[in-house]
Amino acid sequence: MKKHVVWCLLAISILFSHFSYSQSALLPTLTKVRDHVYNLDIGYETNVGIVIGEKYVVLIESGFGKSTNNKIIEAVRSLTDKPIKYVVNLHMHGDHTGGNNFFASIGATIINQENVIYSEEYDTKYPTSSRLHFKNKMALELGNETIYLEHINSHTFDDGIIYLKKGNVLFIGENIRPQHLVNPGVLGMKSFKIWGEKVFANIDSDTAIVPAHGKAVINMQVLTEYRKNYVAWFNRFAQLYREGKSKEQMFADKTARKIAKKLNLDNNPKHFDYYDYYSTTLIDGDIDVPVALSVSQLEEYLGRYTANGKPDIIVELSDGQLLIKQLGSIISWIKPYQGDGFKVMKYRGGTVVFERDKQGQVVAIKTHPDERARNKEKYEGVFAKLP
């Protein structure tokens, strides 16, 4: 009941102020990172960054949507009356993009890495009239600050890091979770290596590192220790796998759990929720060795595949791994497991099987998404390979 009253008062405050500037104290969930940089916990240990430039404000992420739009506005208005000009989405997941349409409606431009076009929610959460995509890098000049955006294939294929040069602040996205376990990345431990290299090229011992989730604002020393422990967790599972242990035995292993506990930077009592799931991503991604295929064998599958009434499926090679892509549907690494069959290394991705003609040429791809997959209507079926 108290929460209901608080939210009603907040809504009334916003209505009567017309989003006017407020000299009130910082909101309880608002943390000052630098003089012009703030981190807002919008609930469920999910963060939105606020960067105040000379003439306008940039948001890092847009929150869940209806339940958090006003909370973000109120936080910004407690700091400044400058307009919100840009919202940068670090990746495509809904807890970071839910407010896109709202902020676009009040004049903001939504910035994303171009692979966002493969998001299942691209048609609904990325307004066509006010969106801006970048490929590899982008910079925003705020007068008192320069914001550098850089793409990395890490937590998602449209992921990135954001570095504030003058403030020496790095928004690291969901590559780490101080309060919860997280998978190593969309390309397994290869992504873990990639994002580590990109991050450490932009930080020093004084850099404030802000994750997309959790309470901890960390530094280079903490991040270094976190990554060391993550690798140790992975190596423990690899050792158990070589010893022939089952997944159940690996999940129950006390040494692995002891190492994973060191990743709980926020001392969150729910840190081990979904432990089996995140352990499985480590095992299935890198430890369970895929069928070895040469580059020339992988190249047989490359191309564009089509089916009536559905967006084409594209299969391409990236960093020695096959990717499958479909507009507004999916982008994922696919891992060979038997013959022409591949596992789709995405949550509820299912499998795909390539079909060949009598001459042995690849002529089609048949997709088998998980029954609960949201993209089934677009993605499921047999797609013929175009010449």
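Everything here concerns the structure above.
It should be emphasised that the depicted structure is a prediction, and the values quoted were computed from it without experimental measurement.

Draft legend 1. Looking closely at the environment of Tyr275. Checked against the element boundaries, Tyr275 lands in helix α10 (residues 275–287). Through-space distance from the C-alpha of Tyr275 to that of Ala252 is 10.0 Å; in sequence the pair is 23 residues apart. In this structure, Tyr275 is in contact with Leu181, Trp233, Phe237, Phe251, Ala256, Arg257 and Ala260, ignoring residues within four places of it in sequence. Polar contacts involving the side chain of Tyr275 include one to the side chain of Trp233, which spans 3.3 Å.

Draft legend 2. Representation of the pairing of strand β15 (residues 321–326). Most of β15 is tucked away, with 6 of its 6 residues classed as buried. Neither face of β15 is open: one carries Gln321, Leu323 and Lys325, the other Leu322, Ile324 and Gln326, and all of them are buried. Bridge analysis of strand β14 (residues 310–318) against β15 gives 6 bridges, and the strand direction is antiparallel. Across the sheet, residue Val315 finds its bridge partner in β15, namely Ile324. The hairpin turn running from β14 into β15, its antiparallel successor, is 2 residues long, and Asp319 in that turn takes a positive phi close to 50°. As judged from the 5 bridges shared by β15 and strand β16 (residues 330–338), these two strands associate in the antiparallel manner.

Draft legend 3. Looking closely at the sheet that holds strand β2 (residues 37–43). Taken together, the 7 strands give an open sheet; going across it, the order is β1-β2-β3-β4-β5-β6-β7, and neighbouring strands pair in mixed fashion. Both outer strands of the open sheet, β1 (30–34) and β7 (131–134), are each paired with one neighbouring strand and no more. Strand-to-strand twist across the sheet, computed as the mean angle between neighbouring axes with direction ignored, equals 25°. Where strand β3 (residues 46–52) and strand β4 (residues 57–60) come together, 4 bridges link them in antiparallel fashion. By the bridge assignment for β4, Val51 is matched with Val58. Lying on the sheet, helix α2 (residues 69–77) is in contact with β1, β2, β3, β4 and β5 (84–88); it crosses β2 at an angle near 150°.

Draft legend 4. Molecular detail of a nonpolar patch on the surface. On the surface, Tyr274, Tyr277 and Tyr347 cluster together into a nonpolar patch covering about 380 Å² of accessible area. With respect to the helices and strands, the residue Tyr347 is situated in the loop between β17 (341–344) and β18 (351–356).

Draft legend 5. Examining unusual backbone geometry more closely. A positive phi angle, near 85°, is found at Glu61, a position not held by glycine. As for its position among the elements, Glu61 is in the loop between β4 and α2. Of note in the backbone geometry, Tyr274 takes a positive phi value of approximately 65° without being a glycine. When you line up the elements, Tyr274 lands in the loop between α9 (254–261) and α10.

Draft legend 6. Region of interest: the side chain of Asp340. Here Asp340 lies in the loop between β16 and β17. One polar contact links Asp340 to Tyr301, side chain to side chain, over a distance of 2.6 Å. Asp340 has contacts with Tyr301, Val352, Val353, Phe354 and Arg356, leaving out every residue within four places of it along the chain.

Draft legend 7. The packing of aromatic side chains, seen in detail. One pass over the full model with this rule turns up 17 aromatic pairs. Here the aromatic rings of Phe192 and Tyr230 are separated by 4.9 Å at their centres, their planes lie at 20°, and the arrangement is stacked. Of this pair, Phe192 sits in helix α6 (residues 189–200) while Tyr230 sits in helix α7 (residues 220–242), placing them 38 residues apart in sequence. Judged by centre distance (5.4 Å) and plane angle (50°), the ring pair of Phe272 and Tyr275 falls under tilted. Among the aromatic residues, those joined into a ring-pair cluster are Phe192, Trp195, Tyr226, Tyr230, Trp233, Phe237, Phe272 and Tyr275. Its end group placed over the ring of Trp195, Arg227 keeps NZ or CZ at 4.5 Å from the ring centre. In this structure, Arg257 packs its charged tip against the face of Tyr275, placed 4.2 Å from the ring centre.

The rules behind these values
- Residues numbered from 1 in each chain as written.
- Predicted model: local features only at pLDDT ≥ 70, side-chain atom pairs only at ≥ 80, totals over all residues.
- Heavy atoms only, no water.
- Helix = DSSP H or I, 4+ residues; strand = E, 2+ residues; numbered from the N terminus.
- Contact = heavy atoms within 4.5 Å.
- Polar contact = N/O pair within 3.5 Å; in protein donor to acceptor, adjacent residues only side chain to side chain.
- Buried < 20%, exposed > 50% of the residue type's maximum accessible area, 1.4 Å probe, protein only.
- Pairing = 2+ DSSP bridges.
- Axes fitted to C-alpha atoms, helices over the stretch in contact; angles between N-to-C directions.
- Patch = residues over 30% accessible without salt bridge, like charges linked within 9 Å, V, L, I, M, F, W, Y side chains within 5 Å.
- Areas by Shrake-Rupley, 256 points an atom, 1.4 Å probe, with all protein chains shown as cover.
- Salt bridge = Lys/Arg side-chain N within 4 Å of Asp/Glu carboxyl O.
- Phe/Tyr/Trp six-rings, centres within 6.5 Å; stacked < 30°, edge-to-face > 60°.
- Lys NZ or Arg CZ within 6 Å of the ring centre and 35° of its normal.

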